[in-house]
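One-letter residues, chain by chain:
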Amino acid sequence: MERAVPTMDAELANRLLSTMWRIRAFEERVAQLKRTMQVHGLIHLSIGGEGVAAGVCGQLRNDDGVYSGHRAHGHAIAKGAPLTGMMAELMGRVDGLCHGLGGSMHVVDREHGMLGATGVVGGNLPMAAGDALAAKLGGTDRITVVFFGDGAVQAGHFHESVNLAALWQLPLIFVCENNGMAEFTSRAEHSPVDSVSDVVAPYGFKRATVEGSDVGAVWTGFGKFLKLARRGGGPFLLECRTHRRAGHYEGDAQEYRDELAEQEWAQRDPLARFQEQALADGLIDEPTAAEIETQARAAVEAAVEGARKSTFPTAELAAELVYAK
Amino acid sequence: MSHEIPYIAAINEAIQLEMERDEDVLYFGQNIATTEDDPFLKAFGSDRVRVTPISETAEIGMAVGAALAGLRPVVELYMAEFMLVAMNQVVNEAPRFRYMSGGRVKVPLVLKAGYGFTAGWAGQHTGSIYSMFTGVPGLKVVLPSTAADAKGLMATAIRDDNPVCYFHHYLLTLEHGDVPDGEYLVPFGQAAVRREGGDVTIVATGFMVGKALAAAEALASEGISAEVIDPRTLVPLDLDTILTSVEKTGRLVLVDQATRYGSASAAIAADVAEHGFSSLKAPIKQVTALDATIPYSEPMEAFLLPDEAKISAAVHQVLGGSPVATA
Ligand SMILES: Cc1ncc(C[n+]2csc(CCOP(=O)(O)OP(=O)(O)O)c2C)c(N)n1
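The rules behind these values
- Residues numbered from 1 in each chain as written.
- Chains lettered and ligands numbered in written order.
- Predicted model: local features only at pLDDT ≥ 70, side-chain atom pairs only at ≥ 80, totals over all residues.
- Heavy atoms only, no water.
- Helix = DSSP H or I, 4+ residues; strand = E, 2+ residues; numbered from the N terminus.
- Rg over C-alpha atoms; globule rule 2.2 N^0.38 Å.
- Buried < 20%, exposed > 50% of the residue type's maximum accessible area, 1.4 Å probe, protein only.
- Contact = heavy atoms within 4.5 Å.
- Areas by Shrake-Rupley, 256 points an atom, 1.4 Å probe, with all protein chains shown as cover.
- Buried area = accessible area lost by both parts, 1.4 Å probe.
- Salt bridge = Lys/Arg side-chain N within 4 Å of Asp/Glu carboxyl O.
- Polar contact = N/O pair within 3.5 Å; in protein donor to acceptor, adjacent residues only side chain to side chain.
- Nonpolar A, V, L, I, M, F, W, Y, C, P; charged D, E, K, R; others polar.
- Pairing = 2+ DSSP bridges.
- Core = buried A, V, L, I, M, F, W, Y, C linked by side-chain atoms within 4.5 Å.
- Patch = residues over 30% accessible without salt bridge, like charges linked within 9 Å, V, L, I, M, F, W, Y side chains within 5 Å.
- Expected span 1.5 Å × (residues − 1).
- Axes fitted to C-alpha atoms, helices over the stretch in contact; angles between N-to-C directions.
- 1 Å grid on protein atoms, 1.4 Å probe; cavity = no way out; pocket = protein on both sides within 12 Å on 5 of 7 lines; lining within 4 Å.
- Points joined across faces, edges and corners; volume = space filled by probe spheres on them.
- Near = heavy atom within 4 Å.
- Phe/Tyr/Trp six-rings, centres within 6.5 Å; stacked < 30°, edge-to-face > 60°.

Enquirer: Lay out the overall build of chain A with the relevant residues and their values.
Expert: Within chain A, the secondary structure is distributed over 12 helices and 8 strands. Compactness check: chain A gives a C-alpha radius of gyration of 19 Å against a globular reference of 20 Å for 325 residues, within 12% of the reference. If you line up chain A on its principal axes, its C-alpha atoms span 55 × 50 × 40 Å. Across the 325 residues that make up chain A, the buried fraction comes to 59%. Intrachain contacts of chain A at a sequence separation of at least 6 include 74% that bridge at least 24 residues. Taken as a whole, chain A presents about 13,200 Å² of accessible surface, with 52% of it coming from carbon and sulfur.

Next comes the structure, spelled out in structure tokens:
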């Protein structure tokens, strides 16, 4: 595993911590709202993955594209999606980012380069390659990132997309969140290849595996690839080892696994880990850290209030949007 | 003798009994046998009960190959939409081989998939897409609506020598029902008359059977007597039972959770129009989902889907607004 030494300063530390707290606060609130049925449907939380979302999306421009999958809230928020639009979407309201028609698994916010999320595992991979192709043909230096779990790697379309991206040298960065689980089974039951970055070895492009709960390592690892991609390089694959803190979905009884001991979770919690480190390194002080959390929670509360003010979409809207006019 | 269990348990009971009966039956798919005390794993071991990665093309394709080699795989797909990843295997391999070989080979295979999870699962997990498969000669398509049928149709599906798409409705998963003990087979191609009536025939599938029965109950209090038919299998379809009923009632309402142009009801309506036209006293009425992707937002989901009120309204319409019109 690559041990990256993050080039961290106070400003960056503050920014990363803010993003991670916004995601954490959002996810915790969504879990509560789901329990009281104010958010309905199938919800996958990204607690434990905040370091990847913040470390990757924090370096992207609005014109860089991101595709995500079923566990997409954190990616969208880190990419700049407004919390109220996100929350309203999850509450099925007309002022949601997708007018309430898409929901948790299908957030699109083109203004911020959140191109979409798909609930069919790996369905996003070839689409992201298509976006990267468009970027390349357009002669711009914008790039595309696709987030996916280790579960997607065993799908045929993963291999097809990797091959084409490599063959056509697309400005695409594959970011795998390897949390060692796909739904209720472990990676060992899915593949004899433990490390996702090893799966793409024969294609010859640059790849790396980093500790996903170390946002600094994600930042550095991704930053290297991004720099090369901006200059026309690609594709690349960054594997981030993470821990899925919550169940697969909200309501999952999790009988298939043992709960991580609190102590071990503290090690793998990207937020706690980074906050502690930043405090120890003097990049941030206690009051500032507390303030960041407070602000994140307040922003999420404001988003919930904002969402509640929005109405539900109308029948006309649901009927009208089937075809582009 | 019977016992009361949920729909999902009835399905599992059938698979279990068939696995006991026939060693060639395999069960595989994602996320099955996730704990060591899983009853399938304990009873049949990890050779016959296999966890797969997220690799639908290989899962289904291997099932086809294993079936051609003499085994009888049951593939657990969870969601009907995941079959779409492996469309070639489902549509262009499994059902074609027997025919293309001039009948020299067979593909005994069950693709078990849930559908219609209209509870906020949004655009890609809620479809009622069975009719994508009814148009493929060589595939059989099964749609149980009760716990007993869930068991009996699964057992029949496993013993069938053809690829069978077994679609169970997600919103029925925990619905309890009386299920016959031991070996229990429900033959394919035999519709069930769930309620007898003389004024109008309602043909409903899957989850819609319950809605149609509820509507029929409410209509009864207005003096309208509705017959409710559940085809149970779409391929083969028991058109005779439907035609016989329409002969009696002269009126037909079809209820289907699928979108109009991807529904089973459209095909049934066409068949009745062709073969039962002379019995009809009013145009056939279809109550289907509207032709749109299922939206996430709860009120919009409801807006798109058939419900009791829409069924009752359709019945009133074919009766010309009043049951008196039947006289
Ligand atoms: C093609 C397909 N098959 C199965 C599923 C059901 N499913 C949803 S999430 C999931 C596990 C995904 O695991 P991974 O990609 O590692 O992401 P994680 O949930 O761990 O973040 C599965 C099997 C699906 N959505 N799509």
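Enquirer: Kindly report on the interface of chain B and chain A, identifying the contributing residues and their values.
Expert: If you look at the interface, chain B gives 27 residues, while chain A gives 37 residues. Contact with chain A buries surface across chain B, with Asn-31, Ile-54 and Tyr-296 of chain B losing the most and accounting together for 28% of the total. Applying the counting criterion to the chain B and chain A interface returns 0 salt bridges. Here chain B and chain A share 13 residue pairs in polar contact (both at pLDDT 80 or more) between them. The element that contributes the greatest number of residues to the side of chain B that touches chain A is helix 11 (residues 298-304) of chain B, accounting for 6 residues. For the side of chain B that touches chain A, the class distribution of residues is 14 nonpolar, 10 polar and 3 charged.

Enquirer: Give a description of the pairing of strand 4 (residues 172-178) of chain A that names residues and reports values.
Expert: Residues and elements named next belong to chain A. Of all 7 residues in strand 4, 7 are buried; the element is thus mostly enclosed. With burial as the criterion, each face of strand 4 is covered, one bearing Leu-172, Phe-174, Cys-176 and Asn-178 and the other bearing Ile-173, Val-175 and Glu-177. Note that strand 4 and strand 8 (residues 236-241) share 6 bridges and pair parallel. Pairing of Ile-173 across the sheet is with Phe-236, part of strand 8.

Enquirer: Talk me through the nonpolar core; I want residue IDs and the actual numbers.
Expert: Among the nonpolar cores identified, the biggest contains 71 residues, and Phe-26, Val-56, Met-87, Val-145, Ile-173, Val-175 and Phe-222 of chain A are the most heavily contacted of them. The biggest single contributor to this core is helix 1 (residues 10-35) of chain A, with 12 residues. Ignoring sequence-local partners within four residues, the contact set of Phe-26 of chain A consists of His-73, Ile-77, Leu-83, Met-86, Met-87, Leu-90 and Val-300 of chain A. If you look at the next biggest cluster of nonpolar residues, it comprises 52 residues, including Ala-155, Ala-157, Val-209 and Leu-219 of chain B.

Enquirer: Give a detailed account of a nonpolar patch on the surface, specifying residues and quantitative values.
Expert: Together, Leu-164, Leu-167 and Trp-168 of chain A make up a nonpolar patch on the protein surface, roughly 320 Å² of accessible area in all. For Leu-164 of chain A, the position within the fold is in helix 6 (residues 156-167).

Enquirer: For helix 1 (residues 7-21) of chain B, give the residues involved together with the corresponding values.
Expert: Compared with the 21 Å implied by 1.5 Å per residue over 15 residues, the 21 Å span of helix 1 of chain B between its first and last C-alpha is a close match. If you check which residues of helix 1 of chain B are buried, you get Tyr-7, Ala-10, Ile-11, Glu-13, Ala-14, Ile-15, Glu-18 and Met-19 of chain B.

Enquirer: With reference to specific residues and values, describe the sheet that holds strand 11 (residues 226-230) of chain B.
Expert: Residues and elements named next belong to chain B. Spatially, 9-11-10-13-14 is the arrangement adopted by the 5 strands of the open sheet, whose pairing is mixed. Bordering the open sheet on either side are strand 9 (192-195) and strand 14 (285-289), each of which pairs with just one other strand. Taking the axes of each pair of neighbouring strands and ignoring which way they run, one obtains an average angle of 25 degrees across the sheet. As judged from the 5 bridges shared by strand 13 (residues 252-259) and strand 14, these two strands associate in the parallel manner.

Enquirer: A description of the sheet that holds strand 3 (residues 144-149) of chain A should follow, citing residues and the corresponding values.
Expert: Residues and elements named next belong to chain A. The sheet built from 6 strands is open, its strands ordered 2-1-3-4-8-7 with parallel pairing. Every other strand in the sheet has two partners, leaving strand 2 (114-117) and strand 7 (207-211) as the edge strands with one partner each. The mean inter-strand angle of the sheet, taken between neighbouring strand axes irrespective of direction, is 15 degrees. Where strand 1 (residues 65-68) meets strand 3, 3 bridges bridge the pair, whose relative direction is parallel. Within strand 3, the position partnered with Gly-65 by the bridge is Thr-144. In the packing of helix 8 (residues 215-230) onto the sheet, the strands contacted are strand 3, strand 4, strand 7 and strand 8, and the crossing angle to strand 8 comes to about 175 degrees.

Enquirer: Can you explain empty space enclosed by the protein? Please cite residues and give values.
Expert: Residues and elements named next belong to chain B. Inspection of the entire model under this criterion finds 1 cavity of 30 Å³ or more. In terms of lining, the largest cavity is formed by Val-203, Thr-205, Leu-254, Val-255, Asp-256, Ala-264, Ser-265 and Ile-268. Looking at the lining of the largest cavity residue by residue, the class counts come to 5 nonpolar, 2 polar and 1 charged.

Enquirer: Mind laying out the site of the ligand, listing which residues take part and the relevant values?
Expert: Around the ligand there are 20 residues in total, and His-70, Arg-71, Gly-119 and Gly-151 of chain A together with Glu-56 of chain B lie nearest to it. More than one chain lines the surroundings of the ligand; the residues nearby belong to chains A and B. Here an oxygen atom of the ligand sits 2.9 Å away from a polar atom, N or O, in the side chain of Asn-179 of chain A. Glu-56 of chain B places a side-chain nitrogen or oxygen 2.5 Å from a nitrogen atom of the ligand.

Enquirer: How would you sum up the packing of aromatic side chains? Please name residues and give values.
Expert: Aromatic ring pairs are defined here through the distance separating the ring centres and the angle between the ring planes. According to the stated counting rule, one finds 15 aromatic pairs over all chains in the structure shown. The interplanar angle of 65 degrees and the centroid separation of 6.3 Å between the aromatic rings of Phe-158 of chain A and Phe-174 of chain A together place this pair among those described as edge-to-face. Pair noted here: Phe-158 of chain A is in helix 6 and Phe-174 of chain A is in strand 4, with a separation of 16 residues, a long-range link. With relative accessibility at 0%, the residue Phe-174 of chain A sits in the buried group. Seen in terms of ring centroids, Phe-117 of chain B and Trp-121 of chain B are 4.3 Å apart; in terms of plane orientation they differ by 20 degrees. Their pairing is stacked. In this structure, Phe-117 of chain B and Trp-121 of chain B share a single accessibility class: buried. Through successive ring pairs, a cluster of aromatic residues spans Tyr-115, Tyr-130, Phe-133 and Phe-167 of chain B.

Geometric values such as these leave the question of function open.
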